[in-house]
Amino acid sequence: MRGAHRRLLLLMCIPLSLSGAQTQKTVVCPRWRCPKNSVCVDKSNCQCMPGFTSSGTNGHGLITSLLQTCEDVNECLLPGMSTICGSFATCQNSEGSYHCTCNLGYKLRSGETSFANKSENTCEDIDECSTGQHQCHNSTVCNNTQGSYKCRCRPGWKPISRLPSDPKSIRCQEPFPAWTLLPTAQSRSLSHFSVEVQNLLRDFDPATANYTIQKLIEAMDKLLEAPTDIDTLNATDRHLVATLLLKYMEQSLRMLAQFLPKGPFSYTSPSNTELSLMIKEQDNKDITTVYQSQAWMKLDWALTAGAERSENGYSLAGILSSPNMQKLLANASMDLTQSQDLLEERYESPVLNVSLTLLSNVSSIFLTNTDTGKLTSNVTFKFSYSSVESKRPREQLICAFWDTGDNGSGRWATDGCSMNDTGFCQCNHLSSFAILMAQYHVQDPRLELITKVGLSLSLICLLLCILTFLLVKPIQSSRTMVHLHLCICLFLGSLIFLVGVENEGGEVSPRCRLVAMLLHYLFLAAFCWMALEGVELYFLVVRVFQGQGLSIQWRCLIGYGVPLLIVAISAAAKLDGYGQQTYCWLNYKDGFLWSFVGPLAFIIFCNSAIFLITVWKLTAKFSEINPNMKKLRKARVLTITAIAQLVVLGSTWVFGLFLFDPHSRWLSYIFTLLNCLQGLFLFLMLCLLNKKVREEYRKWACMLAGNKYSEFSSSTAGTGTSQSQTRSLRASESGM
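Residues numbered from 1 in each chain as written. Predicted model: local features only at pLDDT ≥ 70, side-chain atom pairs only at ≥ 80, totals over all residues. Heavy atoms only, no water.

## A few points about the nonpolar core
- Ranked by size, the top nonpolar core spans 87 residues in total, and within it Trp179, Leu245, Met325, Trp412 and Tyr440 carry the most contacts.
- Here this core takes twelve residues from helix H11 (residues 510-542), the largest share from any one element.
- One finds Ala295, Leu299, Ala413 and Phe433 within the second-largest nonpolar core, a separate group that totals 27 residues. (Core = buried A, V, L, I, M, F, W, Y, C linked by side-chain atoms within 4.5 Å. Buried < 20%, exposed > 50% of the residue type's maximum accessible area, 1.4 Å probe, protein only. Helix = DSSP H or I, 4+ residues; strand = E, 2+ residues; numbered from the N terminus.)

## Brief notes about the pairing of strand S7 (residues 97-102)
- Judged by how many residues are buried, S7 sits mostly within the fold: five of six residues are covered.
- Note: strand S6 (residues 89-94) against S7, six bridges, orientation antiparallel. Across the sheet, the residue bridging to alanine 89 is cysteine 102, located in S7. (Pairing = 2+ DSSP bridges.)

## Examining the packing of aromatic side chains
- Per the stated rule, a full pass over the model turns up 15 aromatic pairs.
- Considering the side-chain rings of tryptophan 179 and phenylalanine 193, the 5.7 Å spacing of their centres and the 75° angle between planes classify their relative orientation as edge-to-face. Here tryptophan 179 is found in the loop between strand S13 (166-173) and helix H3 (188-202), whereas its partner phenylalanine 193 is found in helix H3, with 14 residues between them in sequence. Residue tryptophan 179 shares its accessibility class with phenylalanine 193, and that shared class is buried.
- Taking NZ or CZ as reference, lysine 280 lies 5.2 Å from the ring centre of tryptophan 301, over its face.
- Between the NZ or CZ atom of lysine 382 and the centre of the ring of phenylalanine 424, over which it lies, the distance is 4.9 Å. (Phe/Tyr/Trp six-rings, centres within 6.5 Å; stacked < 30°, edge-to-face > 60°. Lys NZ or Arg CZ within 6 Å of the ring centre and 35° of its normal.)

## Re the pattern of salt bridges
- The full count for this structure, using the stated rule, is ten salt bridges.
- Linking lysine 327 and aspartate 231 is a salt bridge whose minimum nitrogen-to-oxygen distance equals 3.4 Å. Of this pair, lysine 327 sits in helix H7 (residues 326-329) while aspartate 231 sits in the loop between helix H4 (209-225) and helix H5 (235-256), and the two are 96 residues apart along the sequence.
- Taking relative accessible area as the criterion, lysine 327 reaches 23% and is therefore assigned partly exposed. (Salt bridge = Lys/Arg side-chain N within 4 Å of Asp/Glu carboxyl O.)

## Comments concerning the pairing of strand S10 (residues 140-145)
- Relative to strand S11 (residues 148-153), S10 runs antiparallel, the two being bridged by six bridges. By the bridge assignment, asparagine 143 is partnered in S11 with lysine 150.

## Some points on helix H9 (residues 445-471)
- An ideal rise of 1.5 Å per residue puts 39 Å on 27 residues; H9 measures up with 39 Å between its terminal C-alpha atoms.
- Three or more residues of H9 are buried, namely Leu447, Thr451, Gly454, Leu455, Ser458, Leu459, Cys461, Leu462, Cys465, Ile466, Thr468 and Phe469. (Expected span 1.5 Å × (residues − 1).)

## Concerning the environment of proline 206
- For proline 206, the location among the structural elements is in the loop between H3 and H4.
- Owing to a relative accessible area of 25%, proline 206 belongs among the partly exposed residues under this scheme.
- Note: C-alpha distance between proline 206 and arginine 154 (52 residues apart in sequence) is 9.7 Å.
- What proline 206 contacts, discounting residues up to four positions off in sequence, is Pro155 and Phe259. (Contact = heavy atoms within 4.5 Å.)

## A word on the sheet that holds strand S21 (residues 379-383)
- An order of S16-S17-S21-S25-S24 is seen for the five strands of this open sheet, with the pairing classed as antiparallel. Each edge of the open sheet carries a strand with a single partner, namely strand S16 (287-291) and strand S24 (417-419). Across the sheet, the axes of successive neighbouring strands diverge by a mean angle of 20°, strand direction being ignored. (Axes fitted to C-alpha atoms, helices over the stretch in contact; angles between N-to-C directions.)

## A few points about the sheet that holds strand S1 (residues 38-40)
- Sheet architecture is open: three strands sit in the order S1-S2-S4, paired in antiparallel fashion. The two strands at the open ends of the sheet, each matched to only one other strand, are S1 and strand S4 (62-63).
- Note that S1 and strand S2 (residues 46-48) share three bridges and pair antiparallel. Bridging from a neighbouring strand, serine 38 pairs with cysteine 48 of S2.

## Side note on the packing of helix H10 (residues 478-500) against helix H16 (residues 678-688)
- The N-to-C vectors of H10 and H16 enclose an angle of 165°; their axes lie 11 Å apart at closest approach. Classed by the angle they form, the pair H10 and H16 counts as roughly antiparallel. Considering the relative orientation of H10 and H16, their crossing is left-handed. Contact with H10, carried on its side by Arg479, His483, Cys487 and Leu490, involves Gln678, Leu682 and Leu686 of H16 and no other residues of that element.
- Looking at side-chain class alone, the contact of H10 with H16 contains four nonpolar, two polar and one charged residues. (Parallel < 35°, antiparallel > 145°, perpendicular 65-115°, else oblique. Left-handed = near helix turned anticlockwise from the far one by under 90°. Nonpolar A, V, L, I, M, F, W, Y, C, P; charged D, E, K, R; others polar.)

## Some details on unusual backbone geometry
- The phi dihedral of asparagine 37 is positive, around 65°, even though this residue is not glycine.
- Among the structural elements, asparagine 37 can be located in the loop between helix H1 (2-22) and S1.
- The backbone of phenylalanine 88 shows a phi angle near 55°, a positive value even though the residue is not glycine.
- Tracing the backbone through its elements, the reader meets phenylalanine 88 in the loop between strand S5 (70-72) and S6.

## With respect to a nonpolar patch on the surface
- On the surface, Ile460, Leu463, Leu464, Leu467, Leu470 and Leu471 cluster together to form a nonpolar patch covering roughly 520 Å² of accessible area.
- Within the secondary structure layout, leucine 471 lies in helix H9. (Patch = residues over 30% accessible without salt bridge, like charges linked within 9 Å, V, L, I, M, F, W, Y side chains within 5 Å. Areas by Shrake-Rupley, 256 points an atom, 1.4 Å probe, with all protein chains shown as cover.)

## Quick notes on the state of the cysteines
- If you walk through the whole model with that rule in mind, you get eleven disulfides.
- Here cysteine 102 connects covalently by a disulfide to cysteine 123, the sulfurs 2.0 Å from one another. Across the S-S bond of cysteine 102 and cysteine 123 the torsion is about -90°, and the bridge reads as left-handed. Pair noted here: cysteine 102 is in strand S7 and cysteine 123 is in strand S9 (residues 123-125), with a separation of 21 residues, a long-range link.
- For cysteine 102, a relative accessible area of 17% translates into the label buried.
- Cysteine 136 shares a disulfide with cysteine 151; S-S distance 1.8 Å. Measuring handedness by torsion sign, the sulfur bridge of cysteine 136 and cysteine 151 sits at about -85° and is left-handed. You can see cysteine 136 sitting in the loop between helix H2 (128-131) and S10 and its partner cysteine 151 sitting in strand S11, a full 15 residues away along the chain.
- Cysteine cysteine 489 is unpaired, with the sulfur of cysteine 528 as its nearest cysteine sulfur at 8.7 Å. (Disulfide = S-S within 2.5 Å.)

These values are about where atoms sit, not about what they do.
The following block contains the structure:
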């Protein structure tokens, strides 16, 4: 239409031009100058050029006064001009004319920037996404539209920022983890695995979610099965890799499962790694079971949704069981903080550490709900695990979970979980679980070695004491008989303690009760015979050397009868007091230990009182004018020996029972050394420090060596005087 107007105006101008040419010499212009964009017509008027109109009111485009101007005509606003350019184009006004341009997002096929009319319109859409002319952030995807484009998040990604005035400014957050397993260590296999998984998830297509899940699991199996440089990592780094691998697998599978159809889903890899998923409506309130060959789970479906609704209205529960995770979790420790008191109460001894054996696959349990640290109801599990033929002492089958801890390296823990006798686990939180065999250690290996070596040495010394008291005739007396029975009781008690004090079965069996009763009886008998030595001193010193004290029958009745009576009464009152889960000894519960501590304390108190009186009497005797020095020396030797014996035996048990803290390592070592070396102390005091015994030992040694024994060879050097021999004989009479 614009072309028709131009031709009409041209035809009108040609006659005027011809007429003007004929009368050019006769046309007179106005005395005032014609305005811009106009031509002179006559002496009174000027004519506006085509595309312009006068600002006057005559409507003919004539300029009749100096005050008028020629103004541009906006052809785009004229009636019928709205469609002159055609589709996807806009009329653009220009001074004295107009032209057409393609709308934003379109371009002419010819590449020109403008055209004249509808017939020349070849506007077509510009694909900003393929040509790179879009302004979408690299975290988004460009989606071309007719005449424009949109920026949107990839499937599963979430928008994190957007300017309200600019929809194309959207930015998105990647749902998949970074898969950087060990940033602090150099591992080629881990780096290769991370790149492989990142490439797999970067090109993720929702339509192939099933395929992506399979490839992800197979990549994990490939990493864990093949011998790689992971084997050279230290335990801390390996546990950190396990923590991150379990975490990233859970996050990735949770995201990929959003694009799976409703219902159950399962996949078993060639390496026997199993994945089982259940996808249901989020509003479902049923009790749901998810199962596979290695694990089984039952939970309230309301737990799967959590506080926030999912985008697709579905929620999921999943189990991923991996048999190859043991490679990373070898030698993992266990957190005993919460269960320490309960274990020590059960085993009645401090638990030093625990050895763990993994019996099942490591099964990761995950839901759509990510806040599973404290669930409103318990989740029940059942895991397949290797059968155990027989349990060792202090072994326990436990249902444990992998706790990431503060440093991320991870360790096993049992907080919030329990396991019954049928193998079902119940937990109030979710993580990665496994069935473990826990071996709790209550004995320090070094302390155990000291005990065995010390008791063996003590048994040898006690046996030498017994043989000495039986075979050395010069020292045999009522006091020697007391020492003989004391050593016999200690020898039998130490022997039974060495071979039978540990409760190997874990349960208090009749054998364990019998061992505890024998130890109770023999140690009480040892202290009773020590008490009889105090009575012997009482009759010797306090009763002013009158008589021989108690008869042999009374001594045996007291030494063996009183302990038997105490043990019988204790067993009749509380038979369960004999035996513990760890050791075959008296139970500490309900004060049953006082059946041993009470008599022991009474004997030590009485003997201490007797020794104080004895020392006081001896001091008084030595201050007399004509004392019997021979008897006084003998009494003094007996008193010193008895006091030393009381200190050795009594102080050891007092230290162990009243000052002994089982959690203190150095106190444990002191008590063990003192208790194990009692036989050595007795052999030193009762035998080696006795001159008559030494003479007999020397005589036996010479007889074994084939030399003739000389009675005075040790007491003199061949030049001693009769006075020195006399002093030596006097000393030998006293025995020390």
